[in-house]
Each structure stands twice: as C-alpha cells, then as structure tokens.
Amino acid sequence: MASTGAKQAPKIVSKTSAGGTGAAGASGGPPIMPLASPLMGKKKKPFLGMPAPLGYVPGLGRGATGFTTRSDIGPARDANDPVDDRHAPPGKRTVGDQMKKNQDDDDEDLNDTNYDEFNGYAGSLFSSGPYEKDDEEADAIYAALDKRMDERRKERRELREKEEIEKYRMERPKIQQQFSDLKRKLAEVSEEEWLSIPEVGDARNKRQRNPRYEKLTPVPDSFFSKHLQSGENHTSVDPLQGLGGLNTPYPGSMTPGLMTPGTGELDMRKIGQARNTLMDMRLSQVSDSVSGQTVVDPKGYLTDLNSMIPTYGGDISDIKKARLLLKSVRETNPHHPPAWIASARLEEVTGKLQVARNLIMKGTEMCPKSEDVWLEAARLQPGDTAKAVVAQAVRHLPQSVRIYIRAAELETDVRAKKRVLRKALENVSKSVRLWKTAVELEEPEDARIMLSRAVECCPTSVELWLALARLETYENARRVLNKARENIPTDRHIWITAAKLEEANGNTQMVEKIIDRAITSLRANGVEINREQWIQDAEECDKAGSVATCQAVIRAVIGIGIEEEDRKHTWMEDAESCVAHGALECARAIYAHALQVFPSKKSVWLRAAYFEKNHGTRESLEALLQRAVAHCPKAEVLWLMGAKSKWLAEDVPAARSILALAFQANPNSEEIWLAAVKLESENNEYERARRLLAKARSSAPTARVFMKSVKLEWVLGNIEAAQELCTEALKHYEDFPKLWMMRGQIEEQCENMDKAREAYNQGLKKCPHSVPLWLLLSHLEERVGQLTRARAILEKARLKNPQTAELWLESVRLEYRAGLKNIANTLMAKALQECPNSGILWAEAVFLEARPQRKTKSVDALKKCEHDPHVLLAVAKLFWSERKITKSREWFLRTVKIEPDLGDAWAFFYKFELQHGTEEQQEEVRKRCENAEPRHGELWCAESKHVLNWQKKTGEILAQVASKIKNTF
C-alpha cells in the first residue's frame with residue numbers, strides 16, 4: 001500500500017552480494033545459468049537445467065533479496081488525491097474512498113467460526129456479484145416465507161416469553177414486591193406511632209448541607225427607621241475607604257415622596273399603597289387584554305386560583321393530542337356523529353362542561369338525524385334546557401323510541417310522563433318498549449285497558465300478552481292466551497303460562513294435557529325442543545310455586561334428546577343441578593321419573609333416598625324407602641335406612657319390624673344382624689342384644705360379629721365375659737387386629753400392663769402392618785416410663801411399614817413430649833422427606849415452628865397439600881391464634897366442607913364459635929355436625945370410642961371434645 005513516504009517515491013534497490021541475480025532474480029523467473037568454465041569440475045550438478053521449485057527465490061538462502069521499481073508499484077498517490085474520473089459520485093471521488101470500498105467488499109468473513117450448519121455463513125457469500133431482478137424476486141419470496149413462519153410461531157413465542165418473564169419475576173421479584181407485605185402493614189400504624197418515628201438524618205457532609213450561596217433575608221421596618229435616624233448624623237462615607245463619589249447623603253438616596261416632609265423617617269404606609277397600586281395596574285392590564293371581555297376578576301383572583309383544580313388526572317399532552325385529533329375528524333367529516341360525541345365527552349372529562357355543551361349543540365346542527373347526538377345533548381344540558389333539546393329532537397326524529405323515553409325520564413311529574421308516553425305511542429304505536437314503559441305507570445285497571453290496545457298494535461310480543469293475561473280474570477285470561485297462541489304459535493312461554501293458570505285455579509288434571517299439547521304443537525310448527533331451556537322454565541315454575549306445572553314439564557322433556565345408555569347418568573346430573581339451583585320439586589320429579597324407568601337400580605333408589613333425607617320430610621323418606629325395598633329387597637342399606645328413620649322417630653317397634661322383614665329378605669346378613677343389635681343396645685334392651693349376637697355367632701359368624709359381642713360385654717362391665725369372648729374370637733380370627741387391640745385395652749383397663757404388652761406383641765406378630773397396634777404398644781411403654789423402648793418400637797414399626805405418616809407423627813410427638821425439641825424437629829424433617837404429601841405431618845410441622853415462622857410454614861404446607869383437611873384445619877387454628885376471627889371462620893368452614901367426616905375439625909370449629917361466635921352460630925355448627933355424623937379424627941375417636949361414652953349422641957361427644965381442647969397453639 002502507498003504511504004505518506006511514498007510521495008518522494010524512493011527507489012528500493014537491493015543489490016545482490018557476490019554476483020547476485022539482480023532484476024532477473026526479482027522477477028522470480030528461472031535463474032540464468034552461468035557459462036561453463038574450465039575451472040569448474042568436470043562432473044555436472046544434477047539440478048542444473050531443471051525448473052526452479054515452487055516458491056523459490058534466488059539468493060534468499062544467503063540473505064540476498066530483490067528490488068522493486070516504480071514501474072512495479074505504479075505512481076505514488078495520497079489518499080486524498082482525486083481519482084481520474086472527474087464525474088465520480090460522492091463517496092468515490094478520492095483514492096482513499098475507493099480503497100476503503102474495495103477493502104469493505106473483500107471483507108467477507110469465510111472463517112469456520114462464522115459458519116452455521118443450518119444457516120450457512122453469517123454474511124452474504126455473493127454480495128460482490130450483481131443484484132439482478134431475479135435476485136430481488138427471490139428475496140421477496142423468502143421475506144414473505146419468513147413473515148408467514150413468524151406469524152405461525154408468534155402466539156407460541158409470545159406465550160413462551162410471557163411464561164419466562166413470569167418465571168423471572170417469581171425468581172427475582174422487584175424490591176417493591178418484596179416489601180409489599182410490610183407496606184400493607186403500614187395501614188395498621190396509628191397516628192401516634194407514625195408521629196413518634198424519628199426523622200431521617202441528613203447523610204451529606206457539612207459543605208453539601210451548607211452551600212455558600214447568597215442568602216436574602218427580609219429586613220424589618222425597624223431596621224430602616226433606626227438607621228434612617230442615625231443617617232442624619234453620618235451623611236458621608238469614611239474617606240479612608242477610598243471609594244470616592246459615594247459622598248451622597250444616605251437619606252437623599254431614597255425616592256423623594258416616600259419620606260415625610262420635614263423629617264428623615266421612612267413612611268411604610270406609602271410603600272404598601274404603592275405595592276397595591278402596582279398590583280391593581282397589572283390586574284387591570286390582564287383584564288383588558290381581550291376586547292369586550294373580562295378575563296380576570298381582580299377581586300376574586302386568589303379565590304379563583306384555589307378553585308381551579310383539574311378534574312382529570314391524566315397527562316395534559318394526551319388531552320391536547322386527543323383534542324387536536326377530534327378537531328381534525330370534525331373538520332374532515334362534519335356529519336360524523338361519533339366525532340361530536342367524543343369531543344363533547346373529552347371536554348366533559350377535563351371539566352369544561354360549557355365547551356362540551358357548545359360542541360354537542362353544534363353536533364346537533366351538523367347531524368340532525370342522529371339519535372345518539374341528540375341523546376348526548378340532552379344528557380349534558382341542565383333540566384329545562386334538556387327538555388327543549390329533546391323537543392327539538394322529536395321534531396327531527398318523530399319515530400325515535402329512545403328519544404321519547406328520554407323525554408319521559410326528564411319529566412318529574414307522573415302525569416307529565418304519561419302525557420309524553422301517550423304522545424309517543426300516537427307516533428310509534430308498534431314499539432313494545434314504549435307500551436311496557438307506559439303500562440308500568442298506570443293503575444291495574446288502566447293498565448289492562450292499555451294492554452288490550454297494546455296486543456292489537458304488537459300482536460307478536462309475548463310479554464304484552466302474558467302481562468294482559470295476568471291482569472284478566474280466569475275466563476278472560478284463557479281467551480287471551482288462546483288468542484296469543486294463534487298469533488304466536490312458536491313460543492313456549494304462552495303454553496307454560498296457560499298451564500300455570502289452570503293449576504292456580506285448581507284444574508291440575510289439565511296441566512299435563514296442556515304441556516303435552518304444547519310439545520306437539522311446537523314441533524308441528526317447526527320449533528326445536530331445547531331440553532335445557534324447558535328445565536330452566538320448570539325451575540322457574542318451581543320457584544313460583546307451580547309444582548304441578550313444574551313436574552309436568554319435567555316429565556314431558558326429561559327424555560328428549562338423550563341416548564338410551566346415557567339416561568341414568570344424565571338424569572342424576574340434572575337432579576343434582578336442580579338441587580343446586582334450589583328447585584327441589586324439579587329434582588323430586590326427575591328422581592320419580594328415573595325410578596319409573598329404572599325400578600330395580602339400587603343406586604337410583606339410594607340417591608332418591610338421600611335427597612329425601614336431606615331435603616324432604618320423614619314421611620316422604622319412609623314412603624320412598626318402602627317402595628325401594630319392595631323393588632330392591634336385597635339392598636341392605638335401604639332396609640337399614642328405613643329402620644334408622646323409624647328409630648330416630650322413636651318408633652322402635654316399627655324399626656324392629658323393618659329389620660325382621662330385612663332378615664327374611666337377606667338371611668344371615670352381617671349388616672342387618674349388627675343393626676338389630678345396635679337398635680336393641682341403644683334402647684337398653686341388653687338381653688335382647690346378647691341373644692341376637694349369640695344367634696348371629698352361631699348362624700353368621702364373622703369377625704365383626706365377635707367384635708361387637710366383645711364390645712357389648714366390655715361396655716356393660718362384664719370384663720370376664722368380654723375376655724372369654726375375645727379369646728374364643730381370636731381362635732377363629734387371629735388376623736383381625738381390632739380383636740387384639742380390644743384384648744390389650746381391656747388388660748390396660750385392669751392395670752395388667754404385662755398382659756396388655758403380651759397381647760399387643762402377639763397381635764403384631766399376626767398383624768405386623770396394623771398401625772394402630774404399633775401406636776397402642778408405644779403408648780403403653782411411654783405410660784410405664786419406658787421411653788427408650790417406645791422409641792425403639794416406633795422405629796421398628798417404621799421399618800415394617802415405610803412411608804406411614806401416622807408412625808412418623810407419633811415419633812415426633814414422643815420426642816416433643818419428652819422435651820427433646822431439636823430431635824423432634826430433625827425427625828419432622830426426615831418425615832416430610834419420606835412423606836412429602838402427608839397433611840397430618842404438615843399440620844403438625846406448622847405448630848412445631850416458632851410463632852414468626854408459622855405463617856411461612858403454613859404457605860409451604862398449602863402448596864404441598866392444598867385440599868388436605870388437616871392442613872386447612874391447621875391454617876384455621878393459626879388464624880385463630882393470631883386473633884383473625886373472620887379469616888379463621890372462613891378456613892373452618894372450608895375444612896368441614898371438604899371433609900365433613902373429620903370430627904376434630906367440627907370440635908375445633910365448635911370451640912372457636914363458643915369463644916368468638918353468637919349462640920346462633922354455635923347452634924348452626926352443632927346441627928351441621930349432627931347431620932354429618934363424623935366418625936374419624938384423633939381427638940374425636942378418643943372420646944367417641946371410649947367405653948364410658950358408648951351411648952352418647954353426636955352432639956354430646958362434640959361438646960365433650962370441645963371442652964377438652966385447650967388453646968395451647
């Protein structure tokens with residue numbers, strides 16, 4: 001390349017040493033062979049006469065190099081020298097420009113690192129070639145393809161990006177989000193606490209806090225008067241200061257006229273007057289700046305400033321842009337109504353109501369046939385002006401219903417409203433909305449007359465026909481509905497109203513016929529029978545009290561459009577939906593129809609029975625159960641429900657007779673034997689119960705029958721008989737763990753700890769996977785003080801039964817009761833690793849934590865076990881401990897709704913209401929618990945299965961468990 005030194009263009013000459021080849025060598029050609037000499041050896045060198053090898057430079061080995069001349073490199077040029085082309089375009093007029101362009105063109109990176117297996121080289125391989133029309137078409141096609149592919153992937157990509165952003169926000173929340181819970185707590189800070197917070201100190205240094213800038217301090221009037229008086233004695237500046245020309249006396253520097261004549265004192269009253277005069281002059285200048293208008297009120301200037309508070313909280317620049325855009329729209333198309341409406345609303349939002357009114361009135365002039373513009377004008381104008389606007393609108397749009405209704409709304413007197421609406425009906429007699437609005441203002445008799453005229457003008461309006469039928473007498477209403485059916489043969493509401501009319505007047509036998517005729521007539525007129533719509537109409541009839549109509553509609557449409565194999569499933573769903581909507585008669589009608597179609601289906605009978613139990617009367621339930629056992633005599637649960645209903649009604653003989661019939665239908669049924677025993681034992685007929693159990697043991701011996709026999713003798717105090725029965729039972733059913741439990745508990749009750757331990761150990765040999773047996777043995781060892789042995793038993797139990805949350809929980813509690821809290825926490829961590837989804841473990845872990853950490857632990861528990869009742873109960877107790885009564889009650893309700901069989905939840909809920917609820921709330925909890933009849937729960941089972949509480953009802957056990965709960969959490 002040429003350089004700055006190339007201007008002199010020195011010749012680069014390199015002489016070869018010792019007979020170099022010179023220019024011939026520089027040219028790179030074959031070397032010139034020397035002439036033969038008699039001094040040379042006779043033997044010829046083998047390489048002589050052969051072509052030089054590739055890349056050979058003569059003399060290079062001994063340090064000789066060639067030389068380059070001007071003809072080889074061309075004339076010397078500077079980068080700023082002009083090129084030969086006198087008409088070159090800009091950017092190509094100097095040598096440097098052209099060299100730079102050539103370098104850029106050749107600067108294609110073809111390195112392997114710039115190569116992609118799918119996309120090829122990052123740059124263009126053929127950028128130096130000509131760009132032709134074919135290349136342009138190809139680029140356009142590829143660009144279209146890329147755009148199409150990008151649109152296909154756009155939704156997926158945006159969704160992925162959104163998920164990534166959300167994930168990033170969750171992992172790295174903003175500082176604002178991290179402090180949001182603390183900021184919410186600021187609402188609880190009282191005013192005294194807020195005022196007691198110390199001020200933040202200034203962290204700046206002294207120089208930054210006290211910058212040396214000029215301070216201007218107002219000087220009091222006394223200063224001037226004092227120094228003015230002293231100025232009479234000192235009328236010149238000290239000559240030592242060297243400031244010549246400042247010898248003017250000090251008082252003379254004041255404005256003449258601000259000094260009282262004859263004295264040297266300053267008159268401050270005149271200074272105030274001068275200031276006021278100056279302010280008045282400025283205000284008068286502003287007020288007269290617009291000819292003929294007063295812009296500023298000089299007297300109320302400050303008051304006006306205080307009242308000028310903007311009503312719009314947005315950006316002023318946005319308002320200006322919107323105003324400019326809307327002005328452009330209005331000027332471009334002045335007959336476009338939305339432009340005028342939008343402009344008026346913009347001004348209304350920004351507080352310029354009069355400008356908005358002016359704009360919308362201008363809009364009414366430009367768009368006199370636009371209903372929306374007139375309505376907007378009426379809305380913006382005040383009362384009387386709005387009436388005038390509406391009157392003007394009526395003249396332009398005499399057929400507009402909305403304008404007439406707006407005119408009626410503007411009237412405050414009922415008579416004026418009626419007058420407006422009647423005038424409107426003269427012009428627009430076909431409007432159903434106007435007729436309805438007018439009828440609502442009339443008395444019943446006048447409304448009937450108006451409706452008679454309304455149905456003549458609007459014969460296709462179902463609502464007007466039905467309204468007229470409601471106001472007429474029975475005979476006239478029938479005629480009205482018949483006429484309505486003739487005019488509107490495709491509407492179902494007229495037929496349903498006719499059926500309700502007949503039912504209301506006692507003609508229930510006509511209801512079924514009318515509904516059947518309705519289905520037939522509608523189908524004949526091409527109307528599709530929509531099953532869901534008819535069921536909704538039936539629900540409305542149910543809520544209106546028309547039971548017969550509701551049942552007739554259900555019977556008529558329940559089977560329409562359903563496949564035969566889907567009928568049972570669909571009908572059960574329909575019944576549950578009706579119950580959820582509060583339409584109990586509809587549900588009862590669906591169950592009745594389903595039982596007619598499926599009389600031998602036990603599941604349908606059971607659902608119907610549970611429906612009657614929850615929503616019906618005892619008589620309806622017993623009648624249903626009598627029909628049920630007649631059709632399904634082998635369904636034991638139906639017999640038992642019937643017997644229990646009689647027993648709850650204290651009709652013990654009827655219950656016995658039902659069970660006797662059940663025995664005949666189901667001989668040797670364990671459930672019926674045990675139900676009969678429970679019936680007798682609950683009614684203190686112990687000898688009868690014993691005889692029944694003895695008969696059951698002989699005819700239908702099962703483990704449960706033996707267990708109930710032992711339990712009966714145990715609760716009655718016959719310990720020896722219970723032990724004998726237990727021994728006999730274990731001969732037949734040694735793998736039934738409850739018998740071993742009862743044997744051990746009986747021995748514990750008799751204080752025979754060794755025999756109890758032996759019973760539990762024998763039971764564990766036969767039933768090693770019975771968790772309650774392991775727990776009973778552990779409790780026994782702990783009770784006698786053998787803590788180490790209890791710990792070893794639980795470890796052995798966990799080995800035999802891995803991933804059993806109850807065993808881990810007992811191990812944790814054992815250490816906690818022993819005072820070893822650190823070991824208890826370690827065990828809890830291991831337990832949660834082995835059983836990460838166990839609700840009882842997470843519930844216990846919440847209260848093992850210190851109070852500040854409990855909330856965090858409860859959040860973790862809810863993440864792992866969102867719908868576990870034990871976790872929900874723990875959260876409710878946590879809120880209770882923090883005195884958050886409303887939240888606690890919500891979580892208690894959620895718990896008992898998810899798991900109504902958990903007795904502990906009901907007990908804690910009842911205890912909570914006893915402390916913080918009213919008597920009505922306490923009674924409601926007690927009733928709901930009695931209806932739910934819970935059977936499970938650690939605290940609940942400890943009381944309900946105690947031998948002393950065997951005859952207590954659910955409500956008594958609830959109160960007993962609640963009384964033993966202490967707020968230790």
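As the structure is a prediction and not an experimental result, all values here were calculated from the model.

**Student:** Let's hear about the overall build of the protein: which residues, and what values?
**Tutor:** A count of helices and strands for the protein gives 50 helices and 2 strands. Within the protein, buried positions represent 34% of all 969 residues. Sequence separation of at least 24 residues holds for 49% of the intrachain contacts in the protein that already meet a minimum separation of 6. Here the protein has roughly 62800 Å² of accessible surface; of this, 52% comes from carbon and sulfur atoms.

**Student:** Lay out the nonpolar core with the relevant residues and their values.
**Tutor:** One broad rule of soluble globular proteins: the nonpolar side chains tend to lie buried together. By size, the foremost hydrophobic cluster in this structure holds 124 residues, and its most contacted members are L434, W435, W534, I554, V557, W571 and L638. Among all residues touching W435, those that are not within four sequence positions of it are L425, S429, M450, R453, A454, C457, C458 and L464. Listed in part, the 35 residues of the second largest apolar core include M707, L725, A756 and L764.

**Student:** A description of a positive patch on the surface should follow, citing residues and the corresponding values.
**Tutor:** A grouping of R148, R152, R153 and R156 is seen on the molecular surface, where their side chains present a positively charged patch. Among the secondary structure elements, R148 is positioned in helix α4 (residues 133-171).

**Student:** Give me the lowdown on the environment of A962, citing residues and values where you can.
**Tutor:** Looking at where A962 falls in the secondary structure, it is placed in helix α50 (residues 954-964). The buried category is assigned to A962, whose relative accessible area is 1%. C-alpha separation for the pair A962 and W940, spaced 22 residues apart in sequence, amounts to 9.4 Å. Beyond its immediate stretch of four places on either side in the chain, A962 contacts A907, Y910 and K911.

**Student:** Quick one: what's the story with unusual backbone geometry, residue by residue and with numbers?
**Tutor:** At E751, a residue that is not glycine, the phi angle is positive and equals roughly 65°. Looking at E751, the relative accessible area reads 58%, which means it is exposed. Despite not being glycine, R883 has its phi angle at roughly 65°, a positive value. Note on placement: R883 falls in the loop between α45 (869-881) and α46 (885-898). Residue R883 is classed as exposed on the basis of its relative accessible area, which comes to 56%.

**Student:** With reference to specific residues and values, describe the packing of aromatic side chains.
**Tutor:** Between two aromatic rings, the relevant description is the distance of the centres plus the angle of the planes. Under the criterion given, the structure shown has 9 aromatic pairs. Centroid distance F706 to Y733: 5.9 Å. Interplanar angle 55°. Geometry classified as tilted. Residue F706 is located in helix α35 (residues 703-715), and its partner Y733 is located in the loop between α36 (719-732) and α37 (737-749); the two are separated by 27 residues in the primary sequence. Residue class for F706 comes out buried when judged on its relative accessible area of 4%. Among the aromatic side chains, those forming a connected cluster through ring pairs are W880, F892, F909 and F912. Between the NZ or CZ atom of R330 and the centre of the ring of W340, over which it lies, the distance is 5.6 Å. For the cation-ring pair, R798 lies above W808, with the distance from its terminal atom to the ring centre recorded as 4.3 Å.

**Student:** Give me the state of the cysteines: which residues, what numbers.
**Tutor:** Taken as a whole and judged by the stated rule, the model has 0 disulfides. Take C541: it sits in no disulfide, and the sulfur closest to it among the cysteines is that of C550, at 6.8 Å.

**Student:** Can you explain the side chain of E943? Please cite residues and give values.
**Tutor:** Inspection of the secondary structure puts E943 in helix α49 (residues 938-944). When sequence neighbours within four positions are dropped, the list of residues in contact with E943 reads N949, I957, Q960, V961 and K964.

**Student:** Lay out the packing of α36 against α37 with the relevant residues and their values.
**Tutor:** At a minimum axis separation of 10 Å, α36 and α37 run at an interaxial angle of 150°. Between α36 and α37, the crossing angle belongs to the class labelled roughly antiparallel. Along this stretch, α36 crosses α37, giving a crossing that reads as left-handed. Contacts between α36 and α37 involve I719, A722, Q723, C726, T727, A729 and L730 from the former and L739, W740, R743, I746, E747 and Q749 from the latter. Here the contact of α36 with α37 is built from residues that sort into 8 nonpolar, 3 polar and 2 charged.

**Student:** Give me a negative patch on the surface: which residues, what numbers.
**Tutor:** A cluster of like negative charges, contributed by E132, D134, D135, E136, E137 and D139, occupies part of the molecular surface. Tracing the backbone shows D139 in helix α4. Exposure remark for D139: the relative accessible area of 41% places this residue in the partly exposed category.

**Student:** Help me get a handle on the packing of helix α23 (residues 492-504) against helix α24 (residues 508-524), residues and values and all.
**Tutor:** Remark: α23 packs on α24, axes separated minimally by 8 Å, with the N-to-C direction vectors making an angle of 170°. As the angle between them shows, α23 and α24 are arranged roughly antiparallel. Residues R492, W495, A498, A499, E502 and E503 of α23 pack against T508, M510, V511, I514, I515, R517, A518, S521 and L522 of α24.

**Student:** I'd like a rundown of the pattern of salt bridges, residues and numbers included.
**Tutor:** Evaluated as defined, the whole model comprises 40 salt bridges. Taking the shortest distance from any N to any O, the salt bridge between R757 and D754 comes out at 3.1 Å. Separated by 3 residues within a single helix, R757 and D754 lie in helix α38 (residues 753-766), roughly one turn from each other. The buried category is assigned to R757, whose relative accessible area is 16%. One network of salt bridges, in which partners are shared, links R345, E348, E376 and R379.

**Student:** Which residues make up the side chain of S888, and what values do they have?
**Tutor:** Looking at where S888 falls in the secondary structure, it is placed in helix α46. The buried category is assigned to S888, whose relative accessible area is 0%. Within the structure, S888 has its side chain in polar contact with the backbone oxygen of A876 (distance 3.0 Å). Setting aside chain neighbours within four positions, we find S888 in contact with A876, F879, W880 and F912.

Quick notes on the rules
Just so you know, the residues in each chain are numbered from 1, in the order the chain's sequence is written. In keeping with the predicted nature of the model, local features appear solely for residues at pLDDT of at least 70, side-chain atom pairs appear and are counted solely at 80 or more, and the whole-chain, interface and lining totals rest on all residues. Side-chain measures were taken over the full set of non-hydrogen atoms in the model, leaving aside hydrogen atoms and water. Every helix listed is a DSSP run of H or I at least four residues long, and every strand listed is a run of E at least two residues long, numbered separately from the N terminus. Burial status follows relative accessibility: with a 1.4 Å probe on protein chains alone, a residue under 20% of its type maximum counts as buried, one over 50% as exposed, and anything between as partly exposed. What makes two residues a contact is simply this: any of their non-hydrogen atoms within 4.5 Å. Accessible surface is estimated by sampling points in the Shrake-Rupley manner with a 1.4 Å probe; for residues, cover comes only from the protein chains shown. Residues grouped as a nonpolar core are buried Ala, Val, Leu, Ile, Met, Phe, Trp, Tyr and Cys residues, joined through side-chain atoms within 4.5 Å. Each patch is built from salt-bridge-free residues with over 30% relative accessible area, joining like charges within 9 Å and nonpolar side chains (Val, Leu, Ile, Met, Phe, Trp, Tyr) within 5 Å. Criterion for a salt bridge: a side-chain nitrogen of Lys or Arg within 4 Å of a carboxyl oxygen of Asp or Glu. His residues and chain termini do not enter the charge count, which takes Lys and Arg as positive and Asp and Glu as negative. A single reference atom marks each charge: NZ on Lys, CZ on Arg, CG on Asp, CD on Glu. When two rings of Phe, Tyr or Trp (its six-membered ring) have centres within 6.5 Å they constitute a pair, described as stacked for plane angles under 30 degrees, edge-to-face for angles over 60, and tilted for the intermediate range. Two thresholds decide whether a charge sits over a ring: the Lys NZ or Arg CZ must be within 6 Å of the ring centre and within 35 degrees of the ring normal. The rule for a disulfide is simple: a pair of cysteine sulfur atoms within 2.5 Å. Fitted lines through C-alpha atoms give the axes, limited to the stretch in contact for helices. The angle between two N-to-C directions lies from 0 to 180 degrees. Roughly parallel means an angle under 35 degrees; roughly antiparallel means over 145; roughly perpendicular covers 65 to 115; every other angle is labelled oblique. Handedness of a crossing follows from how the near helix is turned relative to the far one, being left-handed for an anticlockwise turn of less than a right angle and right-handed for a clockwise one. Note on residue categories: nonpolar means Ala, Val, Leu, Ile, Met, Phe, Trp, Tyr, Cys or Pro, charged means Asp, Glu, Lys or Arg, and polar means any other residue, Gly included. Counting of polar contacts relies on pairs of N or O atoms within 3.5 Å, with two restrictions inside protein: one atom must be capable of donating a hydrogen and the other of accepting it, and residues adjacent in sequence are counted only when both atoms are side-chain atoms.

The values reported here are purely geometric and, on their own, carry no functional implication.
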